[in-house]
Amino acid sequence: CLAPIRGIGTKNKTVSDDLQNDPYYYKGEVPANTYKLLLNALNDCSKTFPNYSANVLIIQGGLDKVVSPDGAFELLDKCQSKDKKVEINAYSALLL
């Protein structure tokens with residue numbers, strides 16, 4: 001198991017503290033295989049995206065320091081959907 005590094009997702013101490021105090025926020029270790037499965041799923045998504053014909057909305061954090069917005073546009077270029085869009089928001093986290 002691997003323990004995720006906490007607090008690197010935001011520089012806002014209030015957000016970080018709120019997450020740590022949230023009873024629904026998972027604070028345990030994550031099996032290493034989970035990371036492998038996520039990476040495999042991301043690779044599969046990239047390979048199968050040309051087959052997608054449903055409407056697609058990709059939301060990318062404009063301040064994200066980990067994931068480049070270029071990847072969202074690359075996926076969009078591969079997608080066959082007629083109704084597709086990349087939305088770059090001003091935040092690195094999406095709040096619904």
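Here, the structure is the one placed above.
As a starting point, this report considers the structure included with it.

What counts and how
Residues numbered from 1 in each chain as written. Predicted model: local features only at pLDDT ≥ 70, side-chain atom pairs only at ≥ 80, totals over all residues. Heavy atoms only, no water. Helix = DSSP H or I, 4+ residues; strand = E, 2+ residues; numbered from the N terminus. Buried < 20%, exposed > 50% of the residue type's maximum accessible area, 1.4 Å probe, protein only. Areas by Shrake-Rupley, 256 points an atom, 1.4 Å probe, with all protein chains shown as cover. Disulfide = S-S within 2.5 Å. Core = buried A, V, L, I, M, F, W, Y, C linked by side-chain atoms within 4.5 Å. Contact = heavy atoms within 4.5 Å.

1. Things to note about the overall build of the protein chain
At step 1: Counting secondary structure elements, the protein chain contains 3 helices and 2 strands.
At step 2: Secondary structure elements in the protein chain, listed N-terminal to C-terminal, are α-α-β-α-β.
At step 3: Here the protein chain holds 96 residues, and 14% of them are scored as buried.
At step 4: With the model as given, the accessible surface of the protein chain reaches about 7800 Å², and the carbon-plus-sulfur share is 59%.

2. Examining the state of the cysteines
At step 1: Summed over all chains, the structure comprises 0 disulfides.
At step 2: C45 takes part in no disulfide bond, and the closest cysteine sulfur to it belongs to C79, at a distance of 9.7 Å.
At step 3: Among the residues examined, C79 registers a relative accessible area of 3% and is labelled buried.

3. Structural notes on the nonpolar core
Side chains of a nonpolar character, in soluble globular proteins, are inclined to be buried together.
At step 1: Residues F49, V56, I58, A72, L76, C79 and V86 constitute the largest nonpolar core, which totals 7 residues.
At step 2: Elements that contribute at least two residues to this core include exactly strand 1 (56-61) and helix 3 (69-78).
At step 3: Excluding its chain neighbours within four sequence positions, the residues that come into contact with L76 are V56, I58, K84, K85 and V86.

4. Points about the environment of D77
At step 1: Locating D77 in the fold gives a position in helix 3.
At step 2: Looking at D77, the relative accessible area reads 64%, which means it is exposed.
At step 3: Sequence-wise, D77 and P50 are 27 residues apart; in three dimensions their C-alpha atoms are separated by 8.5 Å.

5. Remarks on the side chain of Q60
At step 1: The topology assignment puts Q60 in strand 1.
At step 2: Judged by relative accessible area, Q60 falls into the buried class, the value being 7%.
At step 3: In contact with Q60, not counting residues within four places along its chain, are V67, S68, P69, A72, E87, I88 and N89.

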